[in-house]
Amino acid sequence: ETGFGLGEKKEKNWKMDVKFAGAVAKGKSARNNIQGEEGNQGPYKLKGNDGETYIIVLAASEKVFIDGELLTRGEDFDYVINYNTGEITFTPSILITKEKRIVIEFEYAERDYARSMFFFSSGITNDKLNVRVNAFSEQDLKNQPLQQDLSDEQKALLGSVGDSIDQALWPDIDSAGFTGDEIRYKMVDTLVNNILYDSVFIYSTNPDSAVYKLGFSLVGEGKGNYQLVRSDANGRVFAWAAPVNGIPQGNYAPVQLLVSPKKSQMVTLGLDYTFSENSKITSEFSVSNYDLNTFSDIGNEDNTSMAMMLAYDQKNRIGKKAEDPWQLVSGARYEFVKKQFAPIEPYRSVEFNRDWNIDHLENDKNQHQGSVRLGVANTKHGVASYHLSLLDNGSEYKGNMNALMADLNTSGFYFKFNGSLLNTSQTDYNTYFLRHKADISKKLKWITLGLREESELNTFRDNSTDSLTPVSYTHLRA
């Protein structure tokens, strides 16, 4: 990292800084949304980006939010976490219910491949202009697998599936011989409804035939021919189930999912210009390149995408009072995210989906988000503003939000208000979300007296029947 000045005259008071870093990356970042269970303080299991359940969380990398509030780790505070097992338990100071919105951001060790990481940043600034460039690259080294030893045939399979990495299934069957210390299976042929099924594996303790060691993976309901069954054996036992009308009746298969090497890269260009102390324009442009499978060129045409942000902020003095005048504050912001854009880490706020009544948004549609705001501000008496925001995700989602915010005080009275009205049109339903929080108080000599009230009305109407869905609710608290 280095920095230096360019020029000595004030009008040419340029400064430049350069940063560069390289490392062998330890882990990946992830965000989990956990559905709380009534009265269950945990432990709750964290999962990796691909649904991995056996992960090691990097110490002190987690951020835990409930209802948008950041929690504190510790037995005397809000939660404890076992980094080795990836499990989190909440202390009695936080009562978990089914209504709690639990979001956990963390990094976890991912050691299928050695991974390299590079970062470069450079900026040049003066009194009015700020230009910055950032470049980031993180890539699995496909020829240096760690937890899996890939054969040429397995590499060829990964090369043939392209971005459909869930299809990179390889038989996990080993004729390891009999041992009484581990689960073993025998292979048989069986006839069901006049259909002959060969190579069916049955749990057995017969030393003469139970010579196969199998590894099972959860492949989904109706996609496998094996089911996990209860057994007194020292280990998990899986039983074969005959297909019905050609449809598998299990959710496990004796296969392993080959993990593909991935590559994630991003370049950003930012430009800010200050017209005066009261007006400023901010912009940022990003290009991402995300490859799910560097063993294959299939599907690479959608690896590259882009996003951009433009914002303008303005302040205007109200009146001619020399000291502590009120100011009219205004601004506008626009974001465009092209389909398949892949950020390095989640950049939306943890409450973004709830704020916009979004279950999920696929990234195969272009996304537009815009907002305008108008308000007044005073260093002594506070701020009040109105926001109009729009979010468009093609035919899948369209929403508009009107919001009011105030944080004012005068003569010892304090008033805070946050309220919004959201209307959305989505594929399966339309929603109406009205909510607000209000707090008014008066500070006396030794005490502060006040009243706080909060309410929410959130309706989801089925597009086909125009009836309310079960997730609709109303909430009032004072």
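As shown above, the structure is provided for reference.
Keep in mind it's a predicted model, so treat the numbers as computed, not measured.

Some points on the packing of aromatic side chains
Item 1. Within the structure shown, the criterion is met by 13 aromatic pairs.
Item 2. Consider the rings of Tyr429 and Phe460, whose centres lie 5.3 Å apart with planes at 70 degrees: the pair is edge-to-face. Residue Tyr429 is located in strand S31 (residues 429–443), and its partner Phe460 is located in strand S32 (residues 448–462); the two are separated by 31 residues in the primary sequence.
Item 3. Judged by relative accessible area, which is 10%, Phe460 ranks as buried.
Item 4. Joined through ring pairs, the aromatic side chains of Tyr185, Tyr203, Phe216, Tyr226, Phe238 and Tyr252 make up one cluster.
Item 5. The side chain of Arg348 reaches across the aromatic face of Phe352, ending 4.5 Å from its centre.

Side note on the pattern of salt bridges
Item 1. Within the structure shown, the criterion is met by 18 salt bridges.
Item 2. Between Glu105 and Arg31 there is a salt bridge; the shortest N-O distance is 2.5 Å. Taken as a pair, Glu105 in strand S10 (residues 101–109) and Arg31 in strand S3 (residues 27–35) lie far apart in primary sequence, 74 residues in all.
Item 3. Residue classification places Arg31 among the partly exposed positions, given a relative accessible area of 23%.
Item 4. A salt bridge links Asp364 to Lys365, with the nearest nitrogen and oxygen atoms 3.7 Å apart.
Item 5. Under the relative-accessibility criterion, Lys365 is labelled partly exposed at 30%.
Item 6. Each of Asp67, Arg101 and Glu351 takes part in one network of salt bridges that share partners.

Some remarks on the nonpolar core
Item 1. Residues Leu46, Ile88, Phe90, Ile104 and Phe106 are the most contacted members of the largest nonpolar core, which totals 20 residues.
Item 2. The set of elements that each furnish at least two residues to this core consists of S3, strand S6 (63–66), strand S8 (79–82), strand S9 (87–90) and S10.
Item 3. Among the elements that line this core, the one with the most residues is S10, at four residues.
Item 4. The residues contacting Phe90, other than those within four sequence positions of it, are Gln41, Tyr44, Val64, Ile66, Leu71, Asp78, Tyr79, Ile96 and Ile102.
Item 5. Ranked by size, the runner-up nonpolar core spans 13 residues in total, among them Ile183, Tyr185, Phe216 and Tyr226.

Description of a nonpolar patch on the surface
Item 1. A surface patch of nonpolar side chains, about 440 Å² in accessible area, is lined by Val133, Val267, Leu269, Phe285, Leu310 and Tyr334.
Item 2. Note that Val133 resides in strand S12 (residues 129–145).
Item 3. For Val133, a relative accessible area of 31% gives the class partly exposed.

Describing the pairing of S8
Item 1. Residues Tyr79 and Ile81 of S8 are buried on one face, while the alternating residues Val80 and Asn82, pointing to the opposite face, are not.
Item 2. Direction of pairing for S8 relative to S9: antiparallel, over a ladder of four bridges. Counterpart to Ile81 in the pairing with S9 is Ile88.
Item 3. Taking the residues that link successive antiparallel strands as the turn, the S8-S9 hairpin has four residues, and the phi of Gly86 there is positive, at about 65 degrees.

The rules we used
- Residue numbers here run from 1 along each chain, matching the order of that chain's written sequence.
- Only residues with pLDDT of at least 70 get local features here, since the model is predicted, and only at 80 or more are side-chain atom pairs given and counted; chain-wide, interface and lining totals rely on the full set of residues.
- Hydrogens and water molecules were not included; the side-chain quantities draw on all heavy atoms of the structure.
- Only Phe, Tyr and Trp rings are paired, with Trp represented by its six-membered ring, and only when their centres lie within 6.5 Å; those with planes under 30 degrees apart are stacked, over 60 edge-to-face, the remainder tilted.
- Numbering of helices and strands starts at the N terminus; helices are DSSP runs of H or I of at least 4 residues and strands are runs of E of at least 2.
- Each residue is assigned to one of three classes by its accessible area relative to the maximum for its type, calculated with a 1.4 Å probe on protein chains only: buried under 20%, partly exposed between the two thresholds, exposed over 50%.
- The rule for a charge over a ring is simple: NZ of Lys or CZ of Arg within 6 Å of the ring centre, and within 35 degrees of the ring normal.
- Salt bridges are identified by distance alone: a Lys or Arg side-chain nitrogen within 4 Å of an Asp or Glu carboxyl oxygen.
- As used in this record, nonpolar core signifies buried Ala, Val, Leu, Ile, Met, Phe, Trp, Tyr and Cys residues forming a set joined through side-chain atoms within 4.5 Å.
- Residue contacts follow a heavy-atom distance rule, with two residues in contact if any of their heavy atoms lie within 4.5 Å.
- The residues that make up patches have over 30% relative accessible area and no salt bridge, and they are joined within 9 Å when like-charged or within 5 Å when they are Val, Leu, Ile, Met, Phe, Trp or Tyr.
- Per-residue and other accessible areas were derived by the Shrake-Rupley procedure at a 1.4 Å probe size, with only the shown protein chains allowed to occlude residues.
- Paired strands, in this sense, are two strands between which DSSP finds at least two bridges.

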